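Tertiary structure, described
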Amino acid sequence: MWGEPARGAERLDDTDQRLIAALRRDGRAAVSDLAVQLGLSRATVRARIERLVARGEISGFTVMTRADVSAAPVRGLMLLSIDGRSTEKVIARLLGLPPVQAVHTTNGQWDLMAEIGARSLEELDETILSIRRVEGVGRTETNLQLSSRRPAARF
């Protein structure tokens, strides 16, 4: 039924959702700080994190460094339609281009979304042209990321 969890999956309660939101804001937050933010004991927060990881709700923790952003300050999202059944080949080619940081499958009008990070507008333009030359790529649309905002840590 629509809106229900998949078979074998459990719903996230409000506390789990608030915990995940806090970890999205600061993946390095100390368990004690999370406990204060959420009004829970440290043991409860630790147990919930362990349970969410074990269930696969949290699949990992990551850090974005200044070098990740400054090495590729010109960022864009490229939407692609794929001709025929060449999706896997196109994905493999895209992932072989150094400025392509990730490729996502999607639904709707577009088949793929490529995250591009370039050192300059010229490099971005070259990358876009390279992607358009990949066999199997149909229409494309590229949007520049002008700024990014993330939720601030809330205490």
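Our structure's up above, just so we're on the same page.
Here the structure is a predicted model, which is why all the values come from computation and not from measurement. (Residues numbered from 1 in each chain as written. Predicted model: local features only at pLDDT ≥ 70, side-chain atom pairs only at ≥ 80, totals over all residues. Heavy atoms only, no water.)

Examining the pattern of salt bridges
- Scanning the model with the defined rule gives 6 salt bridges in all.
- The salt bridge involving Arg48 is made with Asp13; its shortest N-O contact spans 3.1 Å. Taken together, the residues span a long stretch of sequence, with Arg48 in helix α3 (residues 42–54) and Asp13 in the segment before α1 (14–25) at a distance of 35 residues.
- A residue is classified by how much of its surface remains accessible, and Arg48, at 18% relative accessible area, is buried.
- Asp13 gets classed as partly exposed once you look at its relative accessible area, which sits at 35%. (Salt bridge = Lys/Arg side-chain N within 4 Å of Asp/Glu carboxyl O. Helix = DSSP H or I, 4+ residues; strand = E, 2+ residues; numbered from the N terminus. Buried < 20%, exposed > 50% of the residue type's maximum accessible area, 1.4 Å probe, protein only.)

Examining the packing of α1 against helix α2 (residues 31–38)
- Following both chains from N to C, one finds α1 and α2 inclined at 130 degrees, their axes separated by 11 Å at the closest point. For the element pair α1 / α2, the angle class is oblique. Crossing geometry of α1 relative to α2 is assigned as right-handed. Taking contact as the criterion, the partners of Arg18, Leu19, Ala22, Leu23 and Arg25 in α1 are, on α2, Leu34, Gln37 and Leu38.
- Residues of the contact of α1 with α2, tallied by class, amount to 5 nonpolar, 1 polar and 2 charged. (Axes fitted to C-alpha atoms, helices over the stretch in contact; angles between N-to-C directions. Parallel < 35°, antiparallel > 145°, perpendicular 65-115°, else oblique. Left-handed = near helix turned anticlockwise from the far one by under 90°. Contact = heavy atoms within 4.5 Å. Nonpolar A, V, L, I, M, F, W, Y, C, P; charged D, E, K, R; others polar.)

A short note on the sheet that holds strand β3 (residues 112–118)
- Spatially, the 4 strands line up as an open sheet ordered β2-β3-β1-β4, and their pairing is antiparallel. Each of the sheet's edge strands pairs with one partner strand only, and the pair in question is β2 (100–105) and β4 (137–144). Mean inter-strand twist for the sheet, computed between neighbouring axes without regard to direction, equals 20 degrees.
- Alignment of β2 against β3, held across 5 bridges, turns out to be antiparallel. Residue pairing across strands places Val103 opposite Ala114, the latter belonging to β3. (Pairing = 2+ DSSP bridges.)

Let's talk about the pairing of β3
- The element β3 is extensively covered by neighbouring structure, given that 5 of its 7 residues are classed as buried.
- Hairpin connection between β2 and β3: a loop of 6 residues separates the two successive antiparallel strands, and Gly108 in this loop has a positive phi of roughly 90 degrees.

Nothing here speaks to function; it is all geometry.
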